[in-house]
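So you can see what is in the structure, the chains are spelled out below.
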Amino acid sequence: MAQELGKKPRGGEVAVIVGDMTASRAPGTFSLVYLVYNAITCLLSQDEQVACFRNAAKLVEPGGRFVPEVFVPELQRLPPGETASPFHIGDQHVGFDTYDLVNQHLVSHHYTITDGRGSTFLSPHRYVWPSELDLMAKLAGLELSERWADWNETPFTASSRSHVSVWQKPPVCSVSV
């Protein structure tokens, strides 16, 4: 990803740190730290996800925000006893998720045919509910300020398939005596 960024117009002007989102540090603090496209679910344990929130909270300045984009697990679509659900069926791609309900894990399976050649891609995730992320944020000292179903700020509902949540670090309060 860092190499691709470097190929973009002015991409070379962006300071890049390659590292683990649970522990990597950048100099200074920021008004915004964000994770896109389900990145938090690539951390396969709750401890790693909590560590990510704590690290983000260290990087966010007082009043700043941490904003992840995360899918909502589609467990309601699973018939009782089933552990697999398709998410795309097309002429050149078939995708389905397999769920480990006990451990909150899923694997996204992608099967693609391009120019008569097949390829397979498996993507493991630890799915997490918005309420669990709220608790992780609280443990990191962040407060929920907004939640939408998408980047267009569509209201988040029980049928939303994803969410963009905004947690804010409380501003520094000065106490006068």
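The structure under discussion appears in the preceding block.
Anyway, here's the lowdown on the structure attached to this text. If you're wondering where the values come from, they're calculated on a predicted model, not measured in any experiment. As a convention, each chain's residues are numbered from 1 in the sequence order in which they are written. Local features are withheld for residues below a pLDDT of 70 in this predicted model, meaning they are given only at 70 or higher, and side-chain atom pairs are given and counted only at 80 or more; totals for whole chains, interfaces and linings count all residues. Only hydrogens and water are set aside when side-chain values are computed; all heavy atoms of the structure are taken into account.

1. Brief notes about the pairing of strand E6 (residues 117–126)
Here is step 1: Strand pairing is assigned whenever DSSP identifies at least 2 bridges connecting the two strands. Secondary structure elements follow DSSP: runs of H or I of four or more residues count as helices, runs of E of two or more count as strands, with numbering from the N terminus. Of the strand pairs in this sheet, strand E5 (residues 105–114) and E6 are connected by 10 bridges, and their pairing is antiparallel. Looking across to E6, one finds that His109 is bridged to Leu122.
Here is step 2: The turn linking E5 back onto E6 is made up of 2 residues, and Asp115 within it adopts a positive phi angle of 55 degrees.

2. Thoughts on the side chain of His163
Here is step 1: With respect to the element layout, His163 can be found in strand E8 (residues 162–168).
Here is step 2: Setting aside its immediate chain neighbours within four residues, His163 contacts Pro68, Glu69, Val70, Val72, Pro130, Leu133, Arg147, Trp148, Ala149 and Phe156. Two residues qualify as a contact provided that any one of their heavy atoms is within 4.5 Å of a heavy atom in the partner residue.

3. Remarks on the nonpolar core
Here is step 1: Side-chain atoms within 4.5 Å link the members of a nonpolar core, which is a set of buried Ala, Val, Leu, Ile, Met, Phe, Trp, Tyr and Cys residues. A simple rule labels every residue: compare its accessible area, found with a 1.4 Å probe on the protein chains alone, to the largest value its type can have, and call it buried under 20%, exposed over 50%, or partly exposed in between. In terms of nonpolar packing, the biggest core is built from 22 residues, with Ile40, Phe53, Phe66, Leu133, Leu142 and Trp167 touching the most fellow members.
Here is step 2: Contacts of Leu142, omitting those with residues within four sequence positions, involve Phe53, Ala57, Phe66, Ala137, Trp167, Gln168 and Lys169.
Here is step 3: One finds Phe71, Leu78, Leu106 and Tyr127 within the second-largest nonpolar core, a separate group that totals 5 residues.

4. Concerning the packing of aromatic side chains
Here is step 1: Only centres within 6.5 Å qualify two rings of Phe, Tyr or Trp (six-membered ring in Trp) as a pair; their planes then separate them into stacked at under 30 degrees, edge-to-face at over 60, and tilted for everything else. Applying the stated criterion across every chain, the model contains 6 aromatic pairs.
Here is step 2: Ring geometry for Phe96 against Tyr111: centres 6.0 Å apart, planes inclined by 20 degrees, an arrangement best described as stacked. Within this pair, whereas Phe96 is found in strand E4 (residues 93–100), its partner Tyr111 is found in strand E5, the two being separated by 15 residues in sequence.
Here is step 3: Taking relative accessible area as the criterion, Tyr111 reaches 35% and is therefore assigned partly exposed.
Here is step 4: Definition used: whenever NZ (Lys) or CZ (Arg) falls within 6 Å of the ring centre and also within 35 degrees of the ring normal, the charge is taken to sit over that ring. Over the ring of Phe156 we find Arg147, and its NZ or CZ is 6.0 Å from the ring centre.

5. Here we look at the pattern of salt bridges
Here is step 1: A side-chain nitrogen of Lys or Arg and a carboxyl oxygen of Asp or Glu constitute a salt bridge if their distance falls within 4 Å. As enumerated under the stated definition, the model contains 6 salt bridges in all.
Here is step 2: For Arg77, the salt bridge is made with Glu74, and the minimal N-O distance between the two is 2.8 Å.
Here is step 3: Of the charged contacts in the structure, one is a salt bridge between Glu132 and Arg126, with a shortest N-O distance of 2.9 Å.
Here is step 4: Overlapping salt bridges, with partners in common, bring together Glu74, Arg77 and Arg161 in one network.

6. Things to note about the packing of helix H2 (residues 46–59) against helix H3 (residues 130–139)
Here is step 1: Here an angle of 0 to 180 degrees is reported between the N-to-C directions of two axes, which are lines fitted to C-alpha atoms, with helices fitted over the stretch in contact. Packing of H2 against H3 leaves a shortest axis separation of 8 Å and a crossing angle of 50 degrees. With respect to their mutual orientation, H2 and H3 come out oblique. The interaxial crossing formed by H2 with H3 has right-handed handedness. Each of Gln46, Gln49, Val50, Phe53 and Arg54 in H2 lies in contact with H3, whose residues at this interface are Glu132, Leu133, Met136, Ala137 and Leu139.
Here is step 2: Classifying every residue of the contact of H2 with H3 by side-chain character gives 6 nonpolar, 2 polar and 2 charged. Reported orientations rely on four angle classes, namely roughly parallel under 35 degrees, roughly antiparallel over 145, roughly perpendicular from 65 to 115, and oblique for the rest. Handedness of a crossing is defined here by the sense of rotation of the near helix relative to the far one, left-handed for an anticlockwise turn of less than a right angle and right-handed for a clockwise turn. Under the scheme applied, nonpolar residues are Ala, Val, Leu, Ile, Met, Phe, Trp, Tyr, Cys and Pro; charged residues are Asp, Glu, Lys and Arg; polar residues are all the others, including Gly.

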